[in-house]
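Okay, here's what each chain looks like letter by letter:
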Amino acid sequence: MSTTEEEVYDLICVGFGPASLAIAIALHDALDPCLSGPAAAAAAAKQPKVCFLEKQKKFQWHAGMLLPGSKMQISFIKDLATVREPRSDFTFLNYLKARGRLLSFSNLGTFLPSRLEFEDYMRWCAARFENVVAYGQEVQEVVSGTESSGLVDSFLVRSRDQASNRVSTRRARHVVIAVGGKPRLPPGFPQTPRIMHSSAYCTGLPVLLKNQSSPYHIAVLGGGQSAAEIFHDLSQRYPNAKTTLILRDSALRPSDDSPFVNEIFDPERVDSFYALSPEERKSSIAADRATNYSVVRLDLIEQIYEDMYMQRIKHGDPSEWQHRIYTHQTIDRIDQDNDRLKIQLVSADGGHPTEALEVDALMVATGYSRNVYEDLLGKVQHLRPRESSAGWQVERNYSVRLDPGRVSRDAGIWLQGCNESTHGISDSLLSVLASRSGELVQSIWGDHLAKRRQQEVKRGWGRAVL
């Protein structure tokens with residue numbers, strides 16, 4: 001086991017996806033003497049020592065869903081910096097300027113860049129922080145570190161290098177868990193390469209079904225944006241394939257992105273949501289589900305409907321249709337027979353058998369679980385307040401509630417992207433990343449920072465040693 005416990009980091013972020021990247025940008029901006037505002041008020045009195053640990057070998061954002069022509073669902077203004085600090089070097093507009101596409105993008109007349117371009121924007125940002133990111137590091141656990149005056153004043157973060165299998169231990173006063181969601185499959189589904197989560201669509205399905213001209217049969221389970229995008233893309237990626245979309249609902253439903261409703265994603269809404277009672281929070285999330293869950297952008301629904309209508313013109317008999325949508329149904333049983341899957345559909349309301357399908361692959365677009373942090377923090381559960389019986393509780397500033405009689409005020413753990421129940425439906429989305437990262441930087445360094453900013457910034461905080 002390799003250890004760097006003698007080195008103490010001010011901050012270790014577990015994961016280096018959009019949430020952690022936004023934190024890196026907010027800290028960078030906080031150290032920029034040319035900027036001002038809440039984040040800049042948190043400039044470091046000494047150079048912060050930071051490290052980001054990322055399981056992937058390089059920065060990637062939803063690589064399995066970078067479909068041709070797919071658009072972002074939020075405005076480019078909600079990038080990783082603009083809402084917090086429009087003068088940041090890391091705005092989407094500055095990225096366009098650096099890439100020589102600023103005017104060309106403006107000629108598109110849209111606020112919604114392609115998903116491919118937005119991923120490139122984030123990789124452009126991430127490249128600035130290469131020297132404080134350790135890629136290929138799978139974090140295994142967070143444990144309590146040293147004690148000062150009887151209080152835990154740091155944490156140990158253990159990670160395994162995926163190339164060498166070597167385990168390393170790093171010590172930090174502050175730890176942020178930002179590992180994103182874990183692909184979720186329905187319980188009882190067999191483990192087979194022919195069943196894959198939507199997150200592996202662009203990366204896994206072409207490996208499984210190599211011949212794009214073959215008459216495969218591919219099924220998609222789900223009623224949200226990812227399921228609809230995959231169902232639509234399959235007809236172009238595999239033009240001779242038969243495709244089937246399986247919906248529990250009665251139809252594909254449009255997402256509500258109207259102006260007043262969109263205000264629920266404004267950062268200031270987090271305050272009012274956090275102030276609600278647990279019952280009121282549940283009601284609020286249920287009322288807002290049509291903005292994000294099991295819904296599809298209207299333009300995609302209309303395109304799919306037009307494609308389905310064209311089949312009616314060519315073939316009056318539905319049995320001859322190449323593409324089918326089954327509503328009010330779900331999967332009851334899956335059996336594998338050589339290179340095929342046998343799927344039994346049942347009615348979603350009564351469980352009565354309906355259709356039996358034989359397919360070459362099943363794409364499952366059933367969302368993500370966001371409780372990975374529970375396993376990572378298993379060995380520090382004893383640091384929770386003694387009266388806490390409801391698991392991990394998170395403060396408004398995203399810090400985990402720890403026992404002040406056991407943990408120093410100068411140490412802490414923060415959670416990112418897994419706090420929907422306490423911070424609202426925007427918590428796992430890109431919309432609040434810019435402002436949230438500034439809040440986190442302020443909450444960690446706000447009491448200590450800003451005395452020697454000008455001298456330290458000249459050396460550049462990004463030279464921190466991993």
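Residues numbered from 1 in each chain as written. Predicted model: local features only at pLDDT ≥ 70, side-chain atom pairs only at ≥ 80, totals over all residues. Heavy atoms only, no water.

(A) Spotlight on the domain arrangement of the protein chain. When its domains are assigned, the protein chain resolves into domain 1 (9–181 + 370–460) and domain 2 (184–255 + 293–367). Look at where the C-alpha atoms of domain 1 and domain 2 centre, and you get two points 35 Å apart. Facing 12 residues of domain 1, the contacting portion of domain 2 comprises 14 residues. When the two sides are added together, the surface that domain 1 and domain 2 hide from each other amounts to roughly 950 Å², 57% of it contributed by carbon and sulfur. Connecting domain 1 to domain 2 are 1 salt bridge. The salt bridge involving arginine 115 is made with glutamate 229; its shortest N-O contact spans 2.7 Å. At the boundary of domain 1 with domain 2, the tally comes to 3 residue pairs in polar contact (both at pLDDT 80 or more). Partitioned by chemical class, the residues of the side of domain 1 that touches domain 2 number 7 nonpolar, 3 polar and 2 charged. (Domains from an automatic or database assignment. Contact = heavy atoms within 4.5 Å. Buried area = accessible area lost by both parts, 1.4 Å probe. Salt bridge = Lys/Arg side-chain N within 4 Å of Asp/Glu carboxyl O. Polar contact = N/O pair within 3.5 Å; in protein donor to acceptor, adjacent residues only side chain to side chain. Nonpolar A, V, L, I, M, F, W, Y, C, P; charged D, E, K, R; others polar.)

(B) Region of interest: the pattern of salt bridges. If you walk through the whole model with that rule in mind, you get 29 salt bridges. Residue aspartate 299 pairs with arginine 297 through a salt bridge whose shortest N-O separation is 4.0 Å. When its relative accessible area of 17% is taken as the criterion, arginine 297 is described as buried. Note that glutamate 439 and arginine 396 form a salt bridge whose closest N and O atoms lie 3.1 Å from each other. Here glutamate 439, found in helix H13 (residues 433–445), pairs with arginine 396, found in the loop between helix H11 (372–376) and strand S19 (412–415); they are 43 residues apart in sequence, far enough to count as distant. Residue class for arginine 396 comes out buried when judged on its relative accessible area of 19%. Taken together, the shared-partner salt bridges connect Arg99, Glu119, Asp120 and Arg123 into one network. (Buried < 20%, exposed > 50% of the residue type's maximum accessible area, 1.4 Å probe, protein only. Helix = DSSP H or I, 4+ residues; strand = E, 2+ residues; numbered from the N terminus.)

(C) Representation of the environment of isoleucine 218 in the model. Checked against the element boundaries, isoleucine 218 lands in strand S11 (residues 217–221). Taking the C-alpha atoms as reference points, isoleucine 218 and leucine 362, separated by 144 residues in sequence, lie 6.0 Å from one another.

(D) A look at the sheet that holds strand S14 (residues 329–337). Strand order in the open sheet formed by 3 strands is S14-S15-S16, and the pairing between neighbours is antiparallel. In the strand order of this sheet, the two ends are held by S14 and strand S16 (353–359), each with one partner. Averaged over all neighbouring strand pairs, the angle between strand axes comes to 20°, with direction disregarded. The pairing of strand S15 (residues 340–347) with S16 spans 5 bridges and is classified as antiparallel. Across the sheet, isoleucine 343 pairs through a bridge with leucine 357, a residue of S16. (Pairing = 2+ DSSP bridges. Axes fitted to C-alpha atoms, helices over the stretch in contact; angles between N-to-C directions.)

(E) Spatial organisation of the packing of aromatic side chains. Scanning the model with the defined rule gives 16 aromatic pairs in all. Between phenylalanine 90 and phenylalanine 129, the aromatic rings sit 5.5 Å apart at their centres with planes inclined by 25°, giving stacked as the arrangement. One end of the pair, phenylalanine 90, is in the loop between strand S2 (50–54) and helix H2 (92–99); the other, phenylalanine 129, is in the loop between helix H4 (115–126) and strand S3 (133–135), with 39 residues separating them in the sequence. For phenylalanine 90, a relative accessible area of 0% gives the class buried. Phenylalanine 129 sits in the buried class, given a relative accessible area of 2%. (Phe/Tyr/Trp six-rings, centres within 6.5 Å; stacked < 30°, edge-to-face > 60°.)

(F) Up close: a nonpolar patch on the surface. Taken together, the side chains of Tyr305, Tyr309, Met310 and Ile313 make up a nonpolar region of the molecular surface, amounting to roughly 470 Å² of accessible area. Relative to the assigned elements, methionine 310 resides in helix H10 (residues 298–314). (Patch = residues over 30% accessible without salt bridge, like charges linked within 9 Å, V, L, I, M, F, W, Y side chains within 5 Å. Areas by Shrake-Rupley, 256 points an atom, 1.4 Å probe, with all protein chains shown as cover.)

(G) The arrangement of the packing of helix H1 (residues 18–30) against H4 in detail. Remark: H1 packs on H4, axes separated minimally by 10 Å, with the N-to-C direction vectors making an angle of 45°. Judged by the angle between their axes, H1 and H4 are oblique. Handedness of the crossing formed by H1 with H4: left-handed. Residues Pro18, Leu21 and Ile25 of H1 touch H4, and the partners they reach there are Met122, Cys125 and Ala126. A breakdown of the residues in the contact of H1 with H4 according to their chemical character gives 6 nonpolar, no polar and no charged. (Parallel < 35°, antiparallel > 145°, perpendicular 65-115°, else oblique. Left-handed = near helix turned anticlockwise from the far one by under 90°.)

(H) How the structure looks around the layout of surface pockets. The space that makes up the second largest pocket amounts to roughly 490 Å³. Of all elements in the fold, only S19 and H13 reach the threshold of two or more residues within the lining of the second largest pocket. For the lining of the second largest pocket, the leading source of residues is H13, giving 4 residues. Partitioned by chemical class, the residues of the lining of the second largest pocket number 10 nonpolar, 9 polar and 5 charged. (1 Å grid on protein atoms, 1.4 Å probe; cavity = no way out; pocket = protein on both sides within 12 Å on 5 of 7 lines; lining within 4 Å. Points joined across faces, edges and corners; volume = space filled by probe spheres on them.)

(I) Highlighting the state of the cysteines. Overall, the coordinates contain 0 disulfides when judged by the stated rule. For the unlinked cysteine cysteine 34, the closest cysteine sulfur is that of cysteine 125, found at 18 Å. Taking the relative accessible area as the measure of exposure, cysteine 34 reaches 63% and is therefore exposed. In this structure cysteine 51 is not part of a disulfide, and its nearest cysteine sulfur, from cysteine 13, lies 9.0 Å away. Given a relative accessible area of 1%, cysteine 51 falls into the buried group. (Disulfide = S-S within 2.5 Å.)

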